[in-house]
Amino acid sequence: MIENYFKIALRNIKRYSTYSILNIIGMSIGMASAILILLWVQDEWSYDRHFKNAGDLYRVIESKFFRRRSLHVAVSPGILAAALKEKYPEIIRSSRYSNPQFPIQKGNEFIEAKIAIVDKSFRYV
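Everything numeric in this text was worked out from a predicted model, so none of it was measured.

(A) The overall build of the protein chain, seen in detail. Across its full length, the protein chain carries three helices and six strands. Counted from the first residue to the last, the protein chain has its helices and strands arranged as α-α-β-β-α-β-β-β-β. Its C-alpha radius of gyration of 27 Å places the protein chain more than 25% over the 14 Å reference for a compact globule of 125 residues. Based on the C-alpha atoms only, the size of the protein chain along its principal axes is roughly 75 × 50 × 40 Å. Looking at the protein chain as a whole, 5% of its 125 residues are labelled buried. Within the protein chain, counting contacts between residues at least 6 apart in sequence, those at least 24 apart form 18% of the total. Counting only carbon and sulfur atoms, one obtains 61% of the accessible surface of the protein chain, whose full area is about 12100 Å². Distance between charge centroids for the protein chain: 7 Å, based on 19 positive and 11 negative side chains.

Structure below.
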């Protein structure tokens, strides 16, 4: 029974080859797009979920306007963490994070190294 269905499907693909190719290409592009969007959403939802109290973590995002475009960056002034903690008693702990690039010299060669700088109150749990 299923063999008959495959035979009929192959005959229709041969008979209407242009439409079949368009349908197969459209279906494959649609499925690939859906899989890529699903992977992107999964990655976004898993951000910082490795922390014990991930639901209690917040990140300060600053909106900057540059040449009529809005940029959202996680760079904020150094005093902001202490000021927010002082103003809002709900904040239990605050920490600053920075990852600048430093040139390190190895002989005559310079290597761009990325490092992370955090406060003492930063804990990776």
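Having seen the model, we can carry on.
(B) Region of interest: the pairing of strand β2 (residues 69-73). Note: strand β1 (residues 62-66) against β2, five bridges, orientation antiparallel. Bridged to Phe65 within β2 is Ser70. The hairpin turn running from β1 into β2, its antiparallel successor, is two residues long, and Arg67 in that turn takes a positive phi close to 55°.

(C) Region of interest: unusual backbone geometry. Located in the positive-phi region is Arg67, a residue other than glycine, with phi close to 55°. As for its position among the elements, Arg67 is in the loop between β1 and β2. Unlike most non-glycine residues, Arg68 shows phi in positive territory, near 65°.

(D) Highlighting a positive patch on the surface. Judged by side-chain charge, Lys52, Lys85, Arg93 and Arg123 come together as a positively charged surface patch. Mapping Lys85 onto the fold places it in helix α3 (residues 80-87).

(E) A look at the pattern of salt bridges. With the rule as written, the count across this model stands at one salt bridge. Across the salt bridge formed by Arg96 and Asp119, the nearest N and O atoms sit 3.1 Å from each other. Placement of the pair is Arg96 in the loop between α3 and β3 (97-98) and Asp119 in the segment after β6 (117-118), with a sequence separation of 23 residues. With relative accessibility at 23%, the residue Asp119 sits in the partly exposed group.

(F) Spotlight on the environment of Ala116. Mapped onto the secondary structure, Ala116 falls in the loop between β5 (109-114) and β6. Exposure remark for Ala116: the relative accessible area of 54% places this residue in the exposed category. Taking the C-alpha atoms as reference points, Ala116 and Gln101, 15 residues apart in sequence, are found 9.1 Å from one another. Residues within four places of Ala116 in sequence aside, it is in contact with Tyr97, Ser98 and Asn99.

Reading the values: rules and limits
- Residues numbered from 1 in each chain as written.
- Predicted model: local features only at pLDDT ≥ 70, side-chain atom pairs only at ≥ 80, totals over all residues.
- Heavy atoms only, no water.
- Helix = DSSP H or I, 4+ residues; strand = E, 2+ residues; numbered from the N terminus.
- Rg over C-alpha atoms; globule rule 2.2 N^0.38 Å.
- Buried < 20%, exposed > 50% of the residue type's maximum accessible area, 1.4 Å probe, protein only.
- Contact = heavy atoms within 4.5 Å.
- Areas by Shrake-Rupley, 256 points an atom, 1.4 Å probe, with all protein chains shown as cover.
- Lys, Arg positive; Asp, Glu negative; His and termini not counted.
- Charge placed at Lys NZ, Arg CZ, Asp CG, Glu CD.
- Pairing = 2+ DSSP bridges.
- Patch = residues over 30% accessible without salt bridge, like charges linked within 9 Å, V, L, I, M, F, W, Y side chains within 5 Å.
- Salt bridge = Lys/Arg side-chain N within 4 Å of Asp/Glu carboxyl O.

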